[in-house]
Amino acid sequence: MVLSDRLGAAADMVGTGAHLADVGTDHGFVPISLVLRSRIPSAIAMDVKEGPLQRARAHIREAGLEAFIQTRLSDGLEALLPGEADSVLIAGMGGALTVRILQKNPPEDLGIRELILQPQSELGKVRKHLCCSGWRIDREDMVLEDGKYYPMMHCRPGEMTLTDIEEEYGPLLIREHHPVLLKYLQFQEEVLERNLDQMRDAESERACIRRQEIEASLRRVRELHAQLRA
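All of these numbers come straight from a predicted model, not from anything done at the bench.

**Q** Please explain the environment of Ala226 as it appears in this structure.
**A** With respect to the secondary-structure elements, Ala226 resides in helix H9 (residues 205-229). Looking at Ala226, the relative accessible area reads 40%, which means it is partly exposed. A sequence separation of 24 residues divides Ala226 from Ala202, and the C-alpha atoms of the two residues are 30 Å apart.

Printed below as a string of structure tokens:
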């Protein structure tokens, strides 16, 4: 089974031998790929909707892996029992939803030893939550696929302190001068510059405040981009 670039990168972060809970499994491709490659012995493919679970069951059956991969209807981690998994993957959801899932059923209470997170938005909120809840980012990656940027992180229990810019863009992505992060910062500069240009003639108080916010964001992006290119 060939995974997309973004799912393949997330799958590569799952620890060898882990018992995986894949939250929002959709088609079940990640746990199927990992079990077929003998990277993990078992998985629980979880989703809040029955439709995706039916698709996952069909693919699991086609791969002959019913004995190794369960499917389970679950709102986030709600249906996961303590000790059933030691690794959790949450990919393809917004950052606010990712945080809500982690807050509602704290993974440390379930015996989870690693988190693999690939939020689609609000990365700063996710990283801030990790800092406040005893999780440490020990690996980050970022891929560009079909014109979209996908940051992801591997986390283990531990202490972590991040600056505002590290929360927003990723401490290890910054430290490693990740090439896709550099492309993303260039993309962000261009987007922010276009937004400023479109607001050039706006004079309302609300527009002025918004323009100042965009200008501040643009300064941060330019400073970081220049720093990483130096």
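There's more to say after this.
**Q** Can you help me understand the nonpolar core in this one?
**A** Note on soluble globular proteins: their nonpolar side chains tend to be buried together. Counting residues in hydrophobic clusters, the biggest one holds 28 residues, and the most contacted among them are Leu80, Leu115, Leu117 and Leu130. Elements represented by at least two residues in this core include exactly strand E1 (19-23), strand E2 (42-47), strand E4 (87-91), helix H4 (95-104), strand E5 (114-118), helix H5 (123-132), strand E6 (135-145) and strand E7 (148-157). Tallying contributions element by element places H5 first for this core, with 4 residues. Apart from the residues within four sequence positions on either side, Leu117 is in contact with Ile90, Thr98, Leu102, Val126, Leu130, Pro151, Met152, Met153 and Cys155. In this structure, Leu7, Ala10, Leu34 and Val35 belong to the second largest nonpolar core, which totals 25 residues.

**Q** In this structure, what is going on with the environment of Pro41? I would like to understand it.
**A** Note that Pro41 resides in the loop between helix H2 (29-36) and E2. Put simply, Pro41 and Phe68 are 27 residues apart on the chain and 6.9 Å apart in space, counted from C-alpha to C-alpha.

**Q** I tried to follow the side chain of Asn105 on my own but got confused; where do I start?
**A** Tracing the backbone shows Asn105 in the loop between H4 and E5. Asn105 sits in the buried class, given a relative accessible area of 18%. Not counting residues within four places of it along the chain, the set of residues in contact with Asn105 comprises Leu77, Glu78 and Leu110.

**Q** Honestly, helix H8 (residues 179-198) in this entry has me stumped. Any pointers?
**A** The end-to-end C-alpha distance of H8, which contains 20 residues, comes to 29 Å, matching closely the 28 Å that a straight helix rising 1.5 Å per residue would cover. Considered for burial, the residues of H8 that qualify are Val180, Leu181, Tyr184, Leu185, Gln188, Glu189, Leu192 and Leu196. In this fold, the buried residues of H8 make contact with E6, E7, helix H6 (164-169), helix H7 (171-175) and H9.

**Q** It is not clear to me how the pairing of E2 should be interpreted in this structure. Could you clarify?
**A** Residues in a regular strand project their side chains so that they alternate between the two faces of the sheet. With 5 of its 6 residues buried, E2 lies for the most part within the structure. Pairing of E1 with E2, which is carried by 5 bridges, proceeds in the parallel orientation. If you follow Ala21 over to E2, its bridge partner there is Ile44. Since E1 and E2 lie parallel, the crossover through H2 that links them has a hand, and here it is right-handed. Where E2 lies against strand E3 (residues 69-73), 5 bridges are found, and the strand directions are parallel. Paired with Ala45 across the bridge in E3 is Thr71. Read as a crossover between parallel neighbours, the route from E2 over helix H3 (residues 50-63) to E3 is right-handed.

**Q** Help me out: how do you make sense of the sheet that holds E6 in this one?
**A** Strand pairing in a sheet relies on backbone hydrogen bonds, with the paired strands running either antiparallel or parallel. Read from one edge to the other, the open sheet built from 7 strands follows the order E3-E2-E1-E4-E5-E7-E6, with strand pairing classed as mixed. Where the open sheet ends on each side, the last strands, each with one partner, are E3 and E6. Strand-to-strand twist across the sheet, computed as the mean angle between neighbouring axes with direction ignored, equals 15 degrees. The pairing of E6 with E7 spans 10 bridges and is classified as antiparallel.

**Q** Explain the packing of H8 against H9 here, please?
**A** Two quantities define a packed helix pair, namely the angle between the helix axes and the distance between the axes. The N-to-C vectors of H8 and H9 enclose an angle of 155 degrees; their axes lie 9 Å apart at closest approach. If you check the angle between H8 and H9, you find them roughly antiparallel. Judged by the sense of rotation from one axis to the other, the crossing of H8 with H9 is left-handed. Along the contact surface, H8 presents Leu181, Leu182, Leu185, Gln186, Gln188, Glu189, Leu192, Glu193, Asn195 and Leu196, while H9 presents Arg211, Ile214, Glu215, Ser217, Leu218, Val221, Arg222, Leu224, His225, Leu228 and Arg229.

**Q** Teacher, can you tell me more about the pattern of salt bridges here?
**A** Any two side chains of opposite charge can pair if their charged atoms end up close together. Within this structure, the stated rule accounts for 15 salt bridges. Of the charged contacts, one joins Arg57 and Glu50 as a salt bridge, the two residues approaching to 2.6 Å between their closest N and O atoms. By relative accessible area, Arg57 is classed as partly exposed at 30%. When the shortest N-O distance is used, the salt bridge between Arg72 and Glu84 registers 2.6 Å. Residue Arg72 is found in strand E3, and its partner Glu84 is found in the loop between E3 and E4; the two are separated by 12 residues along the sequence. One salt-bridge network, held together by shared partners, links Asp75, Glu78, Arg100 and Lys104.

Here is what the cut-offs are and how they apply
Residues numbered from 1 in each chain as written. Predicted model: local features only at pLDDT ≥ 70, side-chain atom pairs only at ≥ 80, totals over all residues. Heavy atoms only, no water. Helix = DSSP H or I, 4+ residues; strand = E, 2+ residues; numbered from the N terminus. Buried < 20%, exposed > 50% of the residue type's maximum accessible area, 1.4 Å probe, protein only. Core = buried A, V, L, I, M, F, W, Y, C linked by side-chain atoms within 4.5 Å. Contact = heavy atoms within 4.5 Å. Expected span 1.5 Å × (residues − 1). Pairing = 2+ DSSP bridges. Right-handed = clockwise from strand over helix to strand, strands pointing away. Axes fitted to C-alpha atoms, helices over the stretch in contact; angles between N-to-C directions. Parallel < 35°, antiparallel > 145°, perpendicular 65-115°, else oblique. Left-handed = near helix turned anticlockwise from the far one by under 90°. Salt bridge = Lys/Arg side-chain N within 4 Å of Asp/Glu carboxyl O.

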